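# Architecture and fold: a report
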Amino acid sequence: MFALKRFVVALLTLGIWVHPTLERTLEPSPECYSFVESRSSHLLYTGNSSVGNVPILEYKVTELTSFDSEFELRTLDPEGVIFFGDIGGQQNYFLLAVIHGNLSVQTSFGDGQVLVTSGPQISDGEWKKIAVMKHEGAVAVRVGSEAAVTVQQSAESQRAEIGNGVLRISIGDLLPDSGVTLGLNPPLDGCMRSWDWVRQDSSILERTLQDSEVQRCWEHIAPGSYFTGVGCVGFSSRVLLGNSSAEPDGADWTLSVELALRTVSARGFLFILVDTQNDYILSLKLNHPSQELMLSLRGTLFWSGSYPQTLCSGESQFLQLQVRPGQLVFGMGVTKATMRLTDGDYKLLKRVMSQPGSRVYLGGGPEGLSSFHGCLQAKIQGVNVDLDLAEVKHGDVRSHSCPAALDIRDGK
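Along every chain, residues carry numbers that run from 1 in the direction the sequence is written. The model is predicted, so local features are restricted to residues of pLDDT at least 70 and side-chain atom pairs to those at 80 or more, both for listing and for counting; the totals for chains, interfaces and linings are taken over all residues. Only hydrogens and water are removed before side-chain values are computed, so all heavy atoms of the structure are retained for them.

As recorded in an unreviewed UniProt entry, the chain goes by Vitamin K-dependent protein S-like and comes from Salmo trutta. UniProt positions are given in the numbering used here, feature names are shortened, and annotations may be inferred rather than shown by experiment. The UniProt entry for the chain carries the following comment under Subcellular location (unreviewed entry): "Secreted".

Printed below as a string of structure tokens:
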């Protein structure tokens, strides 16, 4: 008799913001660089919990002959859930995750205790074969041929494995009713292949991949954040500034924004600073109708310049924007511009950037329109921006990977 198998697309509300205007019909995106995305029907994306799609497998314990599982994983993401499993709820669970780029195990150990064990670095973008095996009252995790993590099982866990319960496995997030508290951001921008879950049939996963492209991964990836031309990400401006730079009192305060990008479509907001009233204070946009880069201050055009000739060539573009006392400096390729900034505008930018409730948006505006399509990497105040720190993030944005065809590092 086959084990009970059920695949659930769990519709979870995880606090990921999606503005109502995203439901509007968007204007066609003006494509300027064509490439083949090549999302593979045998590669399962593990980060779809941000849009409410969590694969869940269920098996009757009495029908299992093994609790061993294995799969291959590829990720550049330093944090997220690989899989979560339980028999009977939060008193008996096993969590495999990535924390600070390291493989990590979290499990219950009786009397409400939680055991957390760290393993090797795995967030390098290379495929890793991972095996989870039960052996003499312990669970061992191997990466390739090397033993990575071993944790002892509680007596309650061992009893559950010979009982009449149901083993549940969720891929890429916790189970909706798990009751387990996590100290990490669950969605893992990663891919899984060649899986074998507790030696049972999981072919429903393959059928789901055939039916849903959003569940698939690219064959090859590169570092960066991929924006699909719909939606954006938004951060608390103070989070991006950091404690020392957020203080508004310094007379020589500066704001530095660096963007590396490869465009698919020649339009969309790249950077926006909005105040607590959602007014655009500073923005940089690719304006398709006029074929210009447009820099606006207080909602009014401040400077514009023609697109670089290489913008739609598939080449990497590097852009710098800096606010200084009395100056606003912009550079992109051979285009350089230094503009006078009044003392009032300088103080406004300094105040808004350090004000609680202000936000910085990348890849689009808070209204969900005029979004960027391509691969983007951002630095603010010289620090790489981690999209997992975003307060608002559209589910289609991939935080730590781009298709390899848009590799910013190529620089060609």
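Between rings of Phe, Tyr and Trp, where Trp is taken as its six-membered ring, a pair exists when centres lie within 6.5 Å; planes separated by under 30 degrees are stacked, by over 60 edge-to-face, and by other angles tilted. Taken as a whole and assessed by the stated rule, the structure comprises 10 aromatic pairs. Between Phe83 and Trp197 the ring centres are 5.3 Å apart and the planes differ by 75°, which places this aromatic pair in the edge-to-face class. Taken together, the residues span a long stretch of sequence, with Phe83 in strand E4 (residues 80-87) and Trp197 in the loop between strand E12 (190-196) and helix H2 (203-211) at a distance of 114 residues. Three labels apply to residues, based on accessible area from a 1.4 Å probe with only protein chains included: buried if under 20% of the type maximum, exposed if over 50%, partly exposed otherwise in between. The class of Phe83 is buried, set by a relative accessible area of 6%. Between Trp303 and Phe330, the aromatic rings sit 4.8 Å apart at their centres with planes inclined by 40°, giving tilted as the arrangement. One end of the pair, Trp303, is in strand E21 (residues 300-306); the other, Phe330, is in strand E23 (residues 327-332), with 27 residues separating them in the sequence. Each member of the pair, Trp303 together with Phe330, is buried. In this structure an aromatic cluster arises from ring pairing among Phe71, Phe83, Phe94 and Trp197. For Arg193, the ring lying beneath its charged end belongs to Trp127, and the centroid distance is 4.0 Å. Here, a charge over a ring means that NZ of Lys or CZ of Arg falls within 6 Å of the ring centre while also lying within 35 degrees of the ring normal. Stacked on the ring of Trp218, the Lys or Arg Arg398 has its end atom at 4.9 Å from the ring centre. Numbering of helices and strands runs from the N terminus, with a helix taken as a DSSP run of H or I at least four residues long and a strand as a DSSP run of E at least two residues long.

Below, the discussion takes up unusual backbone geometry. Positioned with a positive phi, Ser194 is a non-glycine residue whose angle comes to about 50°. When you line up the elements, Ser194 lands in strand E12. Here Ser194 falls in the partly exposed class, since its relative accessible area comes to 48%. Not every positive phi belongs to a glycine, and Arg199 is a case in point at roughly 55°. By the element assignment, Arg199 lies in the loop between E12 and H2.

With that settled, the discussion passes to the environment of Thr342. In this fold, Thr342 is placed in the loop between strand E24 (335-340) and helix H4 (343-353). Between the alpha carbons of Thr342 and Gly326 there is a distance of 5.9 Å; along the sequence they are 16 residues apart. Polar contacts here mean pairs of N or O atoms no more than 3.5 Å apart (in protein, one a potential hydrogen donor and the other a potential acceptor; neighbouring residues in sequence count only if both atoms are side-chain atoms). A polar atom in the side chain of Thr342 sits 3.1 Å from the backbone nitrogen of Asp345.

Within this scheme, the nonpolar core is defined by two criteria: the residues are buried Ala, Val, Leu, Ile, Met, Phe, Trp, Tyr or Cys, and they are joined through side-chain atoms within 4.5 Å. Counting residues in hydrophobic clusters, the biggest one holds 48 residues, and the most contacted among them are Leu273, Leu282, Val323 and Phe330. No other element matches H4, which puts five residues into this core. Residue contacts follow a heavy-atom distance rule, with two residues in contact if any of their heavy atoms lie within 4.5 Å. Ignoring anything within four residues of it in the chain, the contact list for Leu273 reads Ser237, Asp279, Tyr280, Ile281, Leu282, Leu349, Val352, Met353, Arg359 and Val360. By size, the runner-up hydrophobic cluster in this structure holds 34 residues, among which are Leu73, Val151, Met192 and Trp195.

This part is about the pairing of strand E25 (residues 359-362). Strands pair, by our definition, only if DSSP identifies at least two bridges between them. As paired elements, strand E16 (residues 233-236) and E25 share four bridges and run antiparallel to each other. Within E25, the residue paired with Phe235 across the bridge is Val360. Relative to E25, strand E18 (residues 268-274) runs antiparallel, the two being bridged by four bridges. Note on E25: the bridge partner recorded for Val274 is Arg359.

Below, the discussion takes up the environment of Glu70. With respect to the secondary-structure elements, Glu70 resides in strand E3 (residues 69-75). Exposure remark for Glu70: the relative accessible area of 24% places this residue in the partly exposed category. A sequence separation of 127 residues divides Glu70 from Trp197, and the C-alpha atoms of the two residues are 6.7 Å apart. Ignoring sequence-local partners within four residues, the contact set of Glu70 consists of Lys129, Ile130, Ala131, Ser194, Trp195, Asp196 and Arg199.

Moving on, we come to the state of the cysteines. To count as a disulfide, a pair of cysteine sulfur atoms needs to be within 2.5 Å. As enumerated under the stated definition, the model contains three disulfides in all. Here Cys191 connects covalently by a disulfide to Cys217, the sulfurs 2.2 Å from one another. Between Cys191 and Cys217 the sulfur-sulfur dihedral comes to about -110°; the bridge is accordingly left-handed. On the criterion of sequence distance, the pair formed by Cys191 in strand E12 and Cys217 in strand E13 (residues 216-218) is long-range, its members being 26 residues apart. Since its relative accessible area comes to 6%, Cys191 is described here as buried. Shown here is the disulfide that connects Cys375 with Cys402, its sulfur atoms set 2.1 Å apart.

On to the side chain of Gln215, then. Looking at the secondary structure, you find Gln215 in the loop between H2 and E13. Judged by its relative accessible area of 3%, Gln215 falls in the buried class. For Gln215, the contacting residues outside a window of four places in its chain are Leu43, Leu44, Tyr45, Asn48, Asn53, Thr208 and Leu209.

Bringing the sheet that holds strand E10 (residues 146-152) into the picture now. Taken in spatial order, the seven strands line up as E10-E9-E8-E3-E12-E1-E13 in an open sheet, and their pairing is antiparallel. Every other strand in the sheet has two partners, leaving E10 and E13 as the edge strands with one partner each. Each strand of the sheet is rotated relative to its neighbour by a mean of 40°, with strand direction disregarded. Judged from the five bridges that link them, E3 and strand E8 (residues 128-135) form a sheet pairing that is antiparallel. Opposite Glu70, over in E8, you have Ala131 as the bridge partner. In the packing of H2 onto the sheet, contacts are made with strand E1 (39-45), E12 and E13, and the angle to E1 comes to roughly 125°. Only the contacting stretch of a helix is used when fitting its axis, a line to C-alpha atoms as for every element, and angles between N-to-C directions run 0 to 180 degrees.

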